[in-house]
Amino acid sequence: MISLPRNSRTRTWLGLAPAWLVIGVFMLVPIALMAVISFLEANPYGGVHFNFSTDAYVQIAFEYDLEDNLVFNPIYINIILRSVGLSILATVVCLVIGFPVAYFITLQPPSKRNFYIYLITIPFWTNLLIRTFSWILILGRNGVIETPLLLTGVIDDSLNMMYTNGAITVGLAYSYLPLMILPIYASLERLDFRLVEAASDLYAHRLEIMTKVIIPLSMPGIVAGCMLVYIPSLGAFIAPDLLGGGKRLLLGSLVQFQFATARNWPFGAAIAMVLLAFVVVALMIYARSARKRALIEGDL
Amino acid sequence: MADGVEAREIVKTFGVGTEHEVTALNNVSLTIRSNEFFTLLGPSGCGKTTMLRLIAGFEMPTRGDILLFGEHMEDLPPNQRAVNTVFQHYALFPHMSVAENVAFGLRRLRKPKDETDRTVGHMLELVKLGDLAHRRPAQLSGGQQQRVALARALAPGPKVLLLDEPLSALDLKLRQAMRLELKQIQRETGITFIFVTHDQEEALSMSDRIAVMSNGEVQQVGTPHDIYEYPVNRFVAEFIGDANFIPATVAGFETDMLVCSTVAGRTLRVRGSGDHNTGDLVTLFLRPEKVLLHRQGETSSGRLAGEVVDVVYYGSETSYRIRLDDGTVILAEDRNMLDGSRRFAGGEQLFVEIGAETLRVLGQ
Ligand SMILES: Nc1ncnc2c1ncn2[C@@H]1O[C@H](COP(=O)(O)OP(=O)(O)O)[C@@H](O)[C@H]1O
Ligand SMILES: [Mg+2]
């Protein structure tokens, strides 16, 4: 790198300018717009009136009763909690499935690994809507799971798997599973397998090798994978709509509904801000773990 | 007492049946006594690491048997062998502190906590790392990491410690200091050490016995003195230090002496008769430092006239390449004494003396 020490800071900033421009235009400005909209009055015909108002935020927890008094209304709080809960659940499901898959790929000879990675990315080539729709055929009444069980008499009535929290979780986990596998694989692939031998030499059995060496050392991938699943799960609306039947609204669907159908932009924006808050919390946890990791590796 | 480690007719072939088939060990038998500092010495690729990995249990022999204190190790995984390894690149756990690294084996063995703490403290003291217990490996120098690896492998109290070129990544001064230290630790702990190196000086200075290997085969096993003074073949002689080889024919016998005549027509006497007949072709072997240099002499007294071709100065000694008047070129080495009377310059005429005791007949 050739840079004049005297103004290298300025140069660094100038060099990063395009990146800042992109982040600014595509991220900060839209978020700022959302934040502004969330503090305006709703126009019942769509759009907003330019008057400052905190109504949108009040509306998250309260509603006006017939006498115009504010009363507690848990419906949106419940949606928020359910969204966070199902997103965490989907993340856990992805982790439980994704880690062994990533580990399996790592154990393959290098020439075969790319093939497996390729298989895992294939679903991304088709539309998420269509892929999620196929879950209706799997989980639904007379679907792939139920039909054989009904025919063989194992069950004699529908399992009613559709339109449940379970169905939504399955849909979310399915949608984002590759985003769990890929970073974990990247982490495991860099793992020095001589450390596994060292652990085994020092009397660790298989489970201990996993819990004391492999998992701690692939933590960056695990944390990154969890972020990549959790964050889009929070805002997802395709899986919740199709597999939850719209009966069980989640944050993503709610935002989409407020903007597209209810035409209450400020309320939709306020919900989006809440969503953003959960994402920011998750990212802060991520940043902390990355810092800790840097500390461990000594590259401060 | 049963022998420490016994390898019986070990064959190890990698990639059997593929085009990349490599026989890393070809019928290797070794007996390593308990409490011994045993060294596997040989050039890179001769199968030293493979031998260690077989003893540790990371690889299974294609054929043959390994016994540890009389017990067959067949199919026993590494975590069930009372053997620990100091890996060539240390393989320290980067996410654990120095103390946690050292405690790792003890914890897996479910030792009581107070005993673990005591042992870890003791080990860190042994390798002089007491005040770095809470550092991470990445915050240590190469030499310090090396000590952690040693402490970690010693802590569980293995019967045998395997060391795979543990000093090769250190700089010269540190390496020399660590040689002494390793030797001392071995004596203090009484653990059988199997040490791998490609550095003959390291092997000679530390070992009780050395096995010299090449191409997956053991060439010779013996004490450093045996190996240096009585190499069984040209490979061993050359690998352990510098050597002169003089082709000759057996011309006759005198009382406990072999009379040989060199290709150049010179007569050399060799102490010891051996199993030779008149007319046999033999190779005579001579270490350079055993060649005595003189300014004066008479060829009749057994001194050979010659001329200095090259001089290489090493500080404590000087190495000369000398062309004898019959055309034979030999290497000689002389200690640099205070008066400098025996220092020679390139082109100088001199006389060399080759004693009958210093010459050996080599097997081919
Ligand atoms: N896992 C392996 N697969 C294939 N060949 C191997 C493997 N390990 C070692 N070898 C080969 O076996 C020979 C001996 O290797 P090694 O024991 O590492 O030698 P050294 O430690 O003496 O340098 C080399 O030719 C090496 O290429
Ligand atoms: Mg090696």
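Here's what I pulled together on the structure shown here. (Residues numbered from 1 in each chain as written. Chains lettered and ligands numbered in written order. Predicted model: local features only at pLDDT ≥ 70, side-chain atom pairs only at ≥ 80, totals over all residues.)

Describing the interface of chain A and chain B
Part 1 of the reasoning: Contact residues are listed per partner, giving 17 residues for chain A and 21 residues for chain B.
Part 2 of the reasoning: Looking at the side of chain A that touches chain B, the elements with two or more residues in it are α8 (193–201), α9 (206–217) and α13 (265–297) of chain A.
Part 3 of the reasoning: It is α8(A) that contributes the most residues to the side of chain A that touches chain B, six residues altogether. (Contact = placed C-beta atoms within 7 Å. Helix = DSSP H or I, 4+ residues; strand = E, 2+ residues; numbered from the N terminus.)

Some points on the packing of helix α2 (residues 98–108) of chain B against helix α3 (residues 113–126) of chain B
Residues and elements named next belong to chain B.
Part 1 of the reasoning: Put simply, α2 and α3 touch, their axes get as near as 9 Å, and they point 130 degrees apart. Classed by the angle they form, the pair α2 and α3 counts as oblique. The hand of the α2/α3 crossing is right-handed. Across from Ala99, Val102, Ala103, Leu106 and Arg107 in α2, the residues of α3 making contact are Thr116, Thr119, Val120, Met123 and Leu124.
Part 2 of the reasoning: Residues of the contact of α2 with α3, tallied by class, amount to seven nonpolar, two polar and one charged. (Axes fitted to C-alpha atoms, helices over the stretch in contact; angles between N-to-C directions. Parallel < 35°, antiparallel > 145°, perpendicular 65-115°, else oblique. Left-handed = near helix turned anticlockwise from the far one by under 90°. Nonpolar A, V, L, I, M, F, W, Y, C, P; charged D, E, K, R; others polar.)

As for the environment of Gly315(B)
Residues and elements named next belong to chain B.
Part 1 of the reasoning: In this fold, Gly315 is placed in the loop between β16 (303–313) and β17 (317–324).
Part 2 of the reasoning: A tally of 6 C-beta atoms within 10 Å means that Gly315 is categorised as exposed.
Part 3 of the reasoning: Sequence separation of Gly315 and Pro61 is 254 residues, and the distance between their C-alpha atoms is 47 Å. (Buried ≥ 20, exposed ≤ 12 C-beta atoms within 10 Å, placed from the backbone.)

Section: the pairing of strand β19 (residues 349–353) of chain B
Residues and elements named next belong to chain B.
Part 1 of the reasoning: Two strands pair when backbone bridges link them, and strand β15 (residues 292–294) and β19 are joined in this way by three bridges, in the antiparallel orientation. In the sheet register, Leu292 faces β19, and the bridge partner there is Glu353.
Part 2 of the reasoning: Two strands pair when backbone bridges link them, and β16 and β19 are joined in this way by five bridges, in the antiparallel orientation. Counterpart to Gly306 in the pairing with β19 is Leu350. (Pairing = 2+ DSSP bridges.)

Section: the pairing of β17(B)
Residue and element names in this part refer to chain B.
Part 1 of the reasoning: Inspection of the sheet shows β16 paired to β17 by seven bridges, in the antiparallel sense. Looking at the pairing, Val312 lines up with Ser319 of β17.
Part 2 of the reasoning: The turn joining β16 and β17, which pair antiparallel and follow one another in sequence, is formed by three residues; a positive phi near 95 degrees is taken by Gly315.
Part 3 of the reasoning: Sheet topology note: the β17/strand β18 (residues 329–335) ladder contains seven bridges and is antiparallel. Across the sheet, Ser319 pairs through a bridge with Glu333, a residue of β18.
Part 4 of the reasoning: Count of turn residues in the β17/β18 antiparallel hairpin: four residues, of which Gly327 carries a positive phi of about 100 degrees.

Everything listed here is a matter of coordinates, which is why it stays silent on function.
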